[in-house]
Amino acid sequence: MFKNPIKVMPKSWPAGVAGAVVVSLILGLFTGMAWPSLIVSAMLAGIAAFGSIFFLARHDARLTARLKDDAPFAWDVWMNGVKIGLITDAQYAAIQRYAFGDGRLVIAQALNLGRVALNIAGKVFVGVPLLMFWLLVVASIATPEAITEFAQAWRTANLADLTDSLRGLFHLVAMVSVMTVGVMCAIGYRFGFRNHYGEAVARMIRQQCNTPTEGEIHLSKVTRDAASLEGATPAV
C-alpha cells in the first residue's frame, strides 16, 4: 500500500561527509577560527555526517527487512482507549518506511526544529538574565560584604583580569541556561516541538484501519494466534 518515495543510498555517503566537512571549513574560516581548531571541527563534522548517514541506512534496512519478513505477531490498534483495527508488522513497517522517506516530512520537521531553537533562545535571553538578577539579589542580602568586595575588585581589575572574569561569567551563564532548559523540558515544556513523523504514521494507521476521525493512536503487540481467536485475522 505504501511505497517509499525516497530511498537511503549508502553509496552516496562520501558526498554527504564531504559536504559537511566543506560547510564546517567555510563556517570556521568565516568566524576566524584558528587552523588547529578548524581541522578538529571539520573532522567532527565529517564523523557526525557519516554517523547520521550510517544510522539512516541501517534504519531503512531494518524497515525493509520487516517488509519481507512474515512476523509471527501483529499489532492491535487502539484510539482513545477503543480498539479500531489490526495491522501486520509488515504493514506497520511499510507505513514507517513511507513516513521515513517522505521529503515533505523531513522539511517540515527541520523547520519545526528551527522554530524550537528560536523558542529556546528566546526563553534563555529572557529567563536567564532574570534568574541571574534574582540570584544576585539573594546573594547581596545573604552576603553583602562579598558583593562589595566583588565590585571593588571589578573596578580595580586590569584588562586580563576582566577578560578572565567575563570568561567565567560566560561559563556560568551557559551552565545556568542549560540547567534552565533542562528543567523546563523535565516539567513537560516542549518549546513548540511537533513530531511530524509520528503524526504522519498515526494518520496512515488510521487510514489503514478505515478510521477518518482524529485521535491518539496506541499499538499493542499480539500473536497471530491471538489475533485469529479475536476473529480479526490481519491481511498481508
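All of these numbers come straight from a predicted model, not from anything done at the bench.

Here is what the cut-offs are and how they apply
- Residues numbered from 1 in each chain as written.
- Predicted model: local features only at pLDDT ≥ 70, side-chain atom pairs only at ≥ 80, totals over all residues.
- Heavy atoms only, no water.
- pLDDT = per-residue confidence, 0-100.
- Contact = heavy atoms within 4.5 Å.
- Core = buried A, V, L, I, M, F, W, Y, C linked by side-chain atoms within 4.5 Å.
- Buried < 20%, exposed > 50% of the residue type's maximum accessible area, 1.4 Å probe, protein only.
- Helix = DSSP H or I, 4+ residues; strand = E, 2+ residues; numbered from the N terminus.
- Pairing = 2+ DSSP bridges.
- Expected span 1.5 Å × (residues − 1).
- Patch = residues over 30% accessible without salt bridge, like charges linked within 9 Å, V, L, I, M, F, W, Y side chains within 5 Å.
- Areas by Shrake-Rupley, 256 points an atom, 1.4 Å probe, with all protein chains shown as cover.
- Salt bridge = Lys/Arg side-chain N within 4 Å of Asp/Glu carboxyl O.
- Axes fitted to C-alpha atoms, helices over the stretch in contact; angles between N-to-C directions.
- Parallel < 35°, antiparallel > 145°, perpendicular 65-115°, else oblique.
- Left-handed = near helix turned anticlockwise from the far one by under 90°.
- Polar contact = N/O pair within 3.5 Å; in protein donor to acceptor, adjacent residues only side chain to side chain.
- Phe/Tyr/Trp six-rings, centres within 6.5 Å; stacked < 30°, edge-to-face > 60°.
- Nonpolar A, V, L, I, M, F, W, Y, C, P; charged D, E, K, R; others polar.

Asks: Got a minute to help me understand the confidence of the model for the chain in this structure?
Replies: In regions of low pLDDT, the predicted coordinates are not meant to be interpreted in detail. Averaged over all residues, the pLDDT of the chain is 77; the fraction at 70 or higher stands at 73%. Across residues 4–10, where pLDDT falls below 50, the model places 16 contacts with residues more than four positions away in sequence or in other chains. The low-confidence segment residues 232–236, where pLDDT is below 50, has 15 contacts with residues more than four positions distant or belonging to other chains.

Asks: Looking at this model, I keep getting lost on the nonpolar core. Mind explaining?
Replies: For soluble globular proteins, the rule of thumb is that nonpolar side chains tend to be buried together. Formed by 15 residues in total, the largest nonpolar core has its most connected members in Val77, Ile87, Tyr92, Ala99, Val201, Ile205 and Ile217. Residue assignment for this core shows that the elements contributing at least two residues are strand E1 (73–79), helix H3 (89–100) and helix H7 (196–208). If sequence neighbours within four positions are ignored, isoleucine 217 has contacts with Val77, Trp78, Met79, Ile84, Ala202, Ile205 and Arg206. Of all hydrophobic cores here, the second largest spans eight residues; its members include Val124, Val128, Val181 and Met184.

Asks: Before we go on, may I ask you to explain the pairing of strand E2 (residues 82–88) in this structure?
Replies: Side-chain direction in a regular strand flips from residue to residue, so the side chains alternate between the two faces of the sheet. With six bridges joining them, E1 and E2 adopt antiparallel strand pairing. Pairing of methionine 79 across the sheet is with valine 82, part of E2. Once E1 ends, the chain turns through two residues before running back antiparallel as E2, passing asparagine 80 with a positive phi of about 55°.

Asks: Honestly, H3 in this entry has me stumped. Any pointers?
Replies: Three or four residues apart is the spacing at which side chains of an α-helix point the same way, because the helix has 3.6 residues per turn. Taking 1.5 Å of rise per residue, the 12 residues of H3 would be expected to cover 16 Å, and the 16 Å separating its terminal C-alpha atoms lies within 8% of that figure. Where burial is concerned, most of H3 is hidden: 11 out of the 12 residues are buried. Taken together, the buried positions of H3 are occupied by Asp89, Ala90, Gln91, Tyr92, Ala93, Ala94, Ile95, Gln96, Arg97, Ala99 and Phe100.

Asks: Help me understand a nonpolar patch on the surface in this model?
Replies: Together, Trp35, Ile39 and Met43 make up a nonpolar patch on the protein surface, roughly 370 Å² of accessible area in all. Note that isoleucine 39 resides in helix H2 (residues 35–68).

Asks: Looking at this model, I keep getting lost on the packing of H2 against H3. Mind explaining?
Replies: If you want to describe how two helices pack, look at the angle between their axes and the distance between the axes. Interhelical geometry of H2 versus H3 gives an angle of 150° and a closest axis separation of 8 Å. Accordingly, the angle class assigned to the pair H2 and H3 is roughly antiparallel. In the crossing of H2 with H3, the sense of the turn from one axis to the other is left-handed. Contacts between H2 and H3 involve Leu56, His59, Asp60, Leu63, Thr64, Arg66 and Leu67 on the former and, on the latter, Asp89, Ala90, Tyr92, Ala93, Ala94, Gln96, Arg97 and Phe100.

Asks: Honestly, the sheet that holds E2 in this entry has me stumped. Any pointers?
Replies: Whenever strands of a sheet pair, they do so through backbone hydrogen bonds, lying parallel or antiparallel. Spatial ordering of the open sheet is given by E2-E1-E3, a layout of three strands whose pairing is antiparallel. Two strands bound the open sheet, and with one partner strand each, they are E2 and strand E3 (217–223). Along the sheet, successive strands turn relative to each other by an average axial angle of 30°, direction set aside. Of the pairings in the sheet, the one linking E1 to E3 comprises seven bridges and is antiparallel in character. Residue pairing across strands places methionine 79 opposite isoleucine 217, the latter belonging to E3. Strand contacts of H3: E1, E2 and E3, with the helix running at about 90° to E2, the strand carrying the most contacts. H7 contacts E1, E2 and E3 of the sheet and is inclined by roughly 60° relative to E3.

Asks: Would you mind going over the side chain of asparagine 112 with me for this structure?
Replies: Along the chain, asparagine 112 falls in helix H4 (residues 103–142). Of note is the side chain of asparagine 112, whose polar atom sits 2.9 Å from the backbone nitrogen of arginine 194.

Asks: Is there a simple way to explain the packing of aromatic side chains in this structure?
Replies: Geometry of an aromatic ring pair is reported as the spacing of the ring centres plus the angle between the planes. Inspection of every chain in the model, using the stated rule, returns four aromatic pairs. With a centroid separation of 5.5 Å and 65° between ring planes, the pair formed by tryptophan 75 and tyrosine 92 is classed as edge-to-face. Taken together, the residues tryptophan 75 in strand E1 and tyrosine 92 in helix H3 connect sequence positions 17 residues apart. In terms of burial, tryptophan 75 and tyrosine 92 fall into one category: buried. The interplanar angle of 80° and the centroid separation of 4.8 Å between the aromatic rings of tyrosine 189 and phenylalanine 191 together place this pair among those described as edge-to-face. On the accessibility criterion, tyrosine 189 (37% relative accessible area) is partly exposed.

Asks: What should I look at first to understand the packing of H3 against H7 in this one?
Replies: Direction vectors running N to C along H3 and H7 enclose 140°, while the axes themselves pass 9 Å from each other. With respect to each other, H3 and H7 are oriented oblique. Once H3 is placed against H7, the crossing between them reads as right-handed. Together, Gln91, Tyr92, Ile95, Gln96, Tyr98, Ala99 and Phe100 of H3 and Tyr197, Ala200, Val201, Met204, Ile205 and Gln208 of H7 make up the contact between the two elements. Its residues assigned to classes, the contact of H3 with H7 shows 10 nonpolar, three polar and no charged.

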